[in-house]
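The residues making up each chain are set out below.
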Amino acid sequence: MNLPDAVTVRRTDVGIEVDAASYRWRWSRETDAVTLAGADGRTIVEYPLQPVIEVAGDGATTASGRCDRVVIDGTRVDMRYAGVNGGASLTLAVRFHSTYFVLDDVVYAPAADEAIVRIVYFGTWADGAIAPAAAASACVIPGGRQLPEQAIFRTAAIEDQRYSVGYFGLGTESDHQQWALPHYLVACYDAGDDAAPASHAACSGLGALPDGHALVRIDDGRFCYEISIRGDLWGHRRGPAPQRFEAPLVTAVAADWYSAGLAHFDALFAEGYARRKRAEDVPASAFLSQFDTWGDQIHRRAILDRFDETHLREIYAAFRASGLTSKLFVIDDKWEHTYGSLEHDPERFPHFIELLDEVRAGGLGIGLWTAFPRCEDFRALGLTEDAVLMTPDGAPYVERQRKRSWYIFDLTNADAAAYLAGRARHLVRTYRPAMVKIDFGYEIPLPDVAGPHDASQGGERLLLRFLEVIVGAIKQEDPAIAILYYCLTPLLNQYLDQTGADDMWMSRGAYDACFAKRALLSSWCGSFGVVPYGSSGYDWCSAEEIWLDTAIIGAPGIIAPISVADEYGDRLTPGLAARYNGIARITRTNPNYNVECYDADLHDPAAGPRARAWARIEDGRAVVITLRQAAGGTVRVAGIAEEDGRAVIASLTDAGIGASAALAIVPFDAGRVSVALNGRGEPIVTAHLFGGGEIPVASEVEGQRVVINAMIHAPDGTPVERIEIRF
């Protein structure tokens, strides 16, 4: 199907037709139904255009309106719906572009003193309740489920499940979600069948953070996008004044869901809703390999108040003796005296600052885990109840986990914001971290349970307020500190430098399979300049597979224990340490990249999404390739490389693998590896060994390829970290 590069919008007897470069959009005035097709002409999704507004109040009713006005102005269409929920009205605009369209300027004019409970896109009323109405056979929701790890959902198999797509995690009553992954999007497509491949895909997401909880709901073949505002509880969204929804909904269309996600991000940039990070915007510490103490803490049972300086020093000593070349030593949870102080416990860690100095003197940067919103005793800090989140009845909200409980700071309160900004500056000045890991989103209470005193800054906006205050203070004190959080959205680019792929504890026994899915999704970050952190799981048997994928997406990390055995009784071996060191050596320092998949599964809900063989592309050139042996044998990348086992091949310069004067191969299996010469001179091949030694490696030139037998051990048994080829 040939669609024009320019957008054409025309009125018809039936409704409106829009043709653009990547999609065809049809709207029926009679039914309010939109049919969205890709450039291939196949329908991707059908949905109602009018958002559903749920209200509460005396005499509140539940009914969709009927469109009574349509105005077309170039590529913009304005509509009004009358009779919404009885006597209210709703207006909206849709702006069409060649690869995306924006639903914007949504304004609800209540007929009375109604409180808005939620706004639902792609929904409908059914028997007095809101029901999903967007018909698509497959949805992609990153982080949608963690038990088991799943991001691809066949909608017909799902019975009324909600999936948080914002920063609320625990307590969302959604489908086995453990950790919060803000991305604010959902992709959809026709999954096809044995007779037809998957259709083109659409990706819809917000262009700003709303004052409610963003989630996707799937039920029996249909989905919708909800923003739970709860104006009935907080009073900030109620009539009779018109209520404007400031967060636009941006939908991009591309040949598959992964590409549609990238097109969605490009649309956010084009609209000015987000800004792509440049290389100079990202601190150097965001690219450093990490070792995190949490796995050791867990396996030593050094949690809560049992984590002390003796444990920490023993973990550090084990790290120094391991031969690992991580550049960041990250101290995880429980180092603080009390939550909210951002101060180490002087009784459990009497020489904490001296230990940090020792770590730095050993050539490492310090990373610190923080949970900034937690506050155990606001009165002891000189604050009042107004400084913490409250329940709908006005009482301070208390979070309880096991034997501990705490409040949550309300940073819409000036005193709380000033206090927390001061503690953030204190953290920087006292402990001088190179990286700060922010770990809190999954425990922030939902708007149904608690909220800030300024309700207009509730919901997802509360996350933005935390980042403004906390990261703003940290960066003002030291812009070189990298900020690590969980995200797959450029809407937070101003504040975040890294995104975490941990914690994978719910995938015990399958950490590598879990990580493979998160890795492919995290590669989206290359389009907006945030660096994925590739944490291991809590065992060693899955580590190699995780590092193979980490080589493509970002900085490698370890959370498995090194001072004690893992959950299967295994320990770090010199061979594993060598593989990790090799990957750490080839880590790229350009945050802007895309990927090319040679062998991947983008559609299987159980196995995907994952890539078995893929490349990192910078400035149009493949600079890192991860190859896993296919079922039939040799893996080939045309014009670049061939390999008989598992290996990572990387350029050690800014040039692509096919032209670089220096390459590195990190072998995970012994086998034959060949690299195209492409006119380069005689190769000099050297194996760099675990512990620092080097040995020459024989090579042969066969036609236009240099061939080596990649080994994982030297003749004396010393593990190989990497093999370098210099021309």
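Rules used in this analysis
- Residues numbered from 1 in each chain as written.
- Predicted model: local features only at pLDDT ≥ 70, side-chain atom pairs only at ≥ 80, totals over all residues.
- Heavy atoms only, no water.
- Helix = DSSP H or I, 4+ residues; strand = E, 2+ residues; numbered from the N terminus.
- Rg over C-alpha atoms; globule rule 2.2 N^0.38 Å.
- Buried < 20%, exposed > 50% of the residue type's maximum accessible area, 1.4 Å probe, protein only.
- Contact = heavy atoms within 4.5 Å.
- Lys, Arg positive; Asp, Glu negative; His and termini not counted.
- Charge placed at Lys NZ, Arg CZ, Asp CG, Glu CD.
- Pairing = 2+ DSSP bridges.
- Phe/Tyr/Trp six-rings, centres within 6.5 Å; stacked < 30°, edge-to-face > 60°.
- Lys NZ or Arg CZ within 6 Å of the ring centre and 35° of its normal.
- Core = buried A, V, L, I, M, F, W, Y, C linked by side-chain atoms within 4.5 Å.
- Axes fitted to C-alpha atoms, helices over the stretch in contact; angles between N-to-C directions.
- 1 Å grid on protein atoms, 1.4 Å probe; cavity = no way out; pocket = protein on both sides within 12 Å on 5 of 7 lines; lining within 4 Å.
- Points joined across faces, edges and corners; volume = space filled by probe spheres on them.
- Nonpolar A, V, L, I, M, F, W, Y, C, P; charged D, E, K, R; others polar.
- Disulfide = S-S within 2.5 Å.
- Expected span 1.5 Å × (residues − 1).
- Salt bridge = Lys/Arg side-chain N within 4 Å of Asp/Glu carboxyl O.
- Parallel < 35°, antiparallel > 145°, perpendicular 65-115°, else oblique.

Caption draft 1: Here's a closer look at the overall build of the protein chain. What the protein chain contains, in helices and strands, is 10 helices and 47 strands. Here the C-alpha radius of gyration of the protein chain, 27 Å, is about what a compact globule of 727 residues would show, namely 27 Å. Looking at the protein chain as a whole, 62% of its 727 residues qualify as buried. In the protein chain, the proportion of contacts linking residues at least 24 apart, taken out of those at least 6 apart, comes to 66%. Seen as two clouds, the 67 positive and the 97 negative side-chain charges of the protein chain have centres 2 Å apart.

Caption draft 2: Structural context of the sheet that holds strand β27 (residues 374–375). With antiparallel pairing, the 3 strands of this open sheet are ordered in space as β27-β29-β28. Each end of this open sheet is capped by a strand with a single partner; those strands are β27 and β28 (399–401). Sheet analysis places β28 next to strand β29 (residues 404–408), joined by 3 bridges and oriented antiparallel. When the sheet's bridge partners are listed, Arg-400 is paired in β29 with Ser-405.

Caption draft 3: Representation of the packing of aromatic side chains within the structure. Counted under the stated rule, the structure contains 28 aromatic pairs. Taking 5.4 Å as the distance between ring centres and 80° as the angle between the ring planes, the aromatic pair formed by Trp-335 and Tyr-431 counts as edge-to-face. Taken together, the residues Trp-335 in the loop between β25 (328–331) and α5 (352–361) and Tyr-431 in helix α6 (residues 414–431) connect sequence positions 96 residues apart. Both residues of the pair, Trp-335 and Tyr-431, count as buried. The residue whose ring lies beneath Arg-374 is Tyr-339, and the NZ or CZ to ring-centre distance is 4.4 Å. In this structure, Arg-680 is placed above the aromatic ring of Phe-727, and the distance from its NZ or CZ to the ring centre is 4.4 Å.

Caption draft 4: Looking closely at the nonpolar core. If you look at the biggest cluster of nonpolar residues, it comprises 207 residues, and the most contacted ones within it are Trp-25, Phe-223 and Tyr-225. Ignoring sequence-local partners within four residues, the contact set of Phe-223 consists of Val-45, Phe-122, Pro-132, Ala-133, Ala-134, Ala-136, Cys-139, Val-186, Cys-188, Val-216, Arg-217 and Ile-218. Core analysis: the second largest hydrophobic core is formed by 29 residues, Val-635, Ile-657, Leu-689 and Ile-723 among them.

Caption draft 5: Quick peek at the sheet that holds strand β40 (residues 647–651). An order of β35-β36-β37-β40-β41-β47-β43-β44 is seen for the 8 strands of this open sheet, with the pairing classed as antiparallel. Where the open sheet ends on each side, the last strands, each with one partner, are β35 (594–601) and β44 (694–696). Strand-to-strand twist across the sheet, computed as the mean angle between neighbouring axes with direction ignored, equals 20°. In this sheet, β44 lies alongside strand β43 (residues 684–689) in antiparallel orientation, the contact comprising 3 bridges. Looking at β44, one finds that Thr-686 is bridged to Pro-696.

Caption draft 6: Representation of empty space enclosed by the protein. Tallying each qualifying case throughout the model produces 7 cavities of 30 Å³ or more. Taken as a whole, the largest cavity spans an internal volume of roughly 100 Å³. Around the largest cavity, the lining comprises 16 residues; the ones closest to its centre are Pro-447, Gly-451, Pro-452, Gly-458 and Gly-459. Of the residues belonging to the lining of the largest cavity, the class tally is 11 nonpolar, 4 polar and 1 charged.

Caption draft 7: Structural context of the side chain of Ser-522. Its place among the elements puts Ser-522 in helix α8 (residues 511–522). Residues in contact with Ser-522, not counting those within four places in the same chain, are Leu-488, Pro-532, Ile-553 and Tyr-593.

Caption draft 8: Inspection of the state of the cysteines at higher detail. Applying the stated criterion to the full structure yields 0 disulfides. Residue Cys-139 stays outside any disulfide, its sulfur separated by 5.8 Å from that of Cys-188, the closest cysteine. No disulfide involves Cys-487; its sulfur sits 5.8 Å from the nearest other cysteine sulfur, which is in Cys-525. Among the residues examined, Cys-487 registers a relative accessible area of 1% and is labelled buried.

Caption draft 9: Region of the structure containing the pairing of strand β8 (residues 76–84). Bridge analysis of strand β7 (residues 66–73) against β8 gives 7 bridges, and the strand direction is antiparallel. Its bridge partner lying in β8, Arg-69 is registered against Arg-80. As consecutive antiparallel partners, β7 and β8 are separated by 2 residues, and within that stretch Gly-74 has a phi angle of approximately 65°, a positive value. With 8 bridges connecting them, β8 and strand β9 (residues 88–96) associate as antiparallel partners.

Caption draft 10: Representation of unusual backbone geometry in the model. For the peptide bond that leads from Leu-147 to Pro-148, omega is -5°, which places it in the cis range. Summarising the element assignment, Pro-148 is placed in the loop between β15 (138–146) and β16 (149–154). Cis geometry marks the peptide bond from Gly-239 to Pro-240; its omega dihedral reads 10°. Relative to the assigned elements, Pro-240 resides in the loop between α1 (231–234) and β22 (243–245).

Caption draft 11: Structural detail: helix α10 (residues 574–585). Its 12 residues give α10 an end-to-end C-alpha distance of 16 Å, which sits within 8% of 16 Å, the value for a rise of 1.5 Å per residue. Counting buried positions over the 12 residues of α10 gives 10, a clear majority of the element. For α10, the full list of buried residues reads Gly-575, Leu-576, Ala-577, Ala-578, Arg-579, Tyr-580, Asn-581, Gly-582, Ile-583 and Ala-584.

Caption draft 12: Broad picture of the pattern of salt bridges. Taken as a whole and assessed by the stated rule, the structure comprises 59 salt bridges. The shortest N-O distance in the salt bridge between Glu-271 and Arg-95 comes to 2.9 Å. Note that Glu-271 is positioned in helix α2 (residues 257–271) and Arg-95 in strand β9, a separation of 176 residues in sequence. Its relative accessible area of 16% is what places Arg-95 among the buried residues. A salt bridge links Asp-549 to Arg-628, with the shortest nitrogen-to-oxygen separation between them at 3.1 Å. Of this pair, Asp-549 sits in helix α9 (residues 543–553) while Arg-628 sits in the loop between β37 (621–627) and β38 (635–637), and the two are 79 residues apart along the sequence.

Caption draft 13: Highlighting the pairing of strand β12 (residues 123–126). Only one face of β12 is buried: it carries Gly-123 and Trp-125, and the other face, with Thr-124 and Ala-126, is open. In this sheet, strand β13 (residues 129–132) lies alongside β12 in antiparallel orientation, the contact comprising 4 bridges. Bridging across to β13, Gly-123 finds its partner in Pro-132. Hairpin connection from β12 to β13: 2 residues lie between these consecutive antiparallel strands, with Asp-127 at a positive phi of about 55°.

Caption draft 14: Geometry of the packing of α9 against α10. At a minimum axis distance of 10 Å, the contact between α9 and α10 shows a crossing angle of 10°. If you check the angle between α9 and α10, you find them roughly parallel. Contact residues: α9 offers Glu-544, Trp-547 and Ala-551, while α10 offers Leu-576, Arg-579, Tyr-580 and Ile-583. Its residues placed into classes, the contact of α9 with α10 shows 5 nonpolar, no polar and 2 charged.

Caption draft 15: Quick look at the environment of Met-79. By the secondary structure assignment, Met-79 is in strand β8. By relative accessible area, which is 1% here, Met-79 ends up buried. Distance in space between the C-alpha atoms of Met-79 and Tyr-184 is 25 Å, their sequence separation being 105 residues. Ignoring anything within four residues of it in the chain, the contact list for Met-79 reads Ile-16, Trp-27, Leu-49, Cys-67, Arg-69, Val-70, Leu-90, Thr-91 and Leu-92.

Caption draft 16: Representation of the environment of Leu-368 in the model. Take Leu-368: it is sitting in strand β26 (residues 365–370). Take Leu-368: its relative accessible area is 0%, and that puts it in the buried class. Along the sequence, Leu-368 and Arg-230 sit 138 residues apart, while their C-alpha atoms lie 35 Å from each other. Ignoring anything within four residues of it in the chain, the contact list for Leu-368 reads Val-330, Ile-331, Trp-335, Phe-352, Leu-427, Tyr-431, Pro-433, Met-435, Val-436 and Lys-437.

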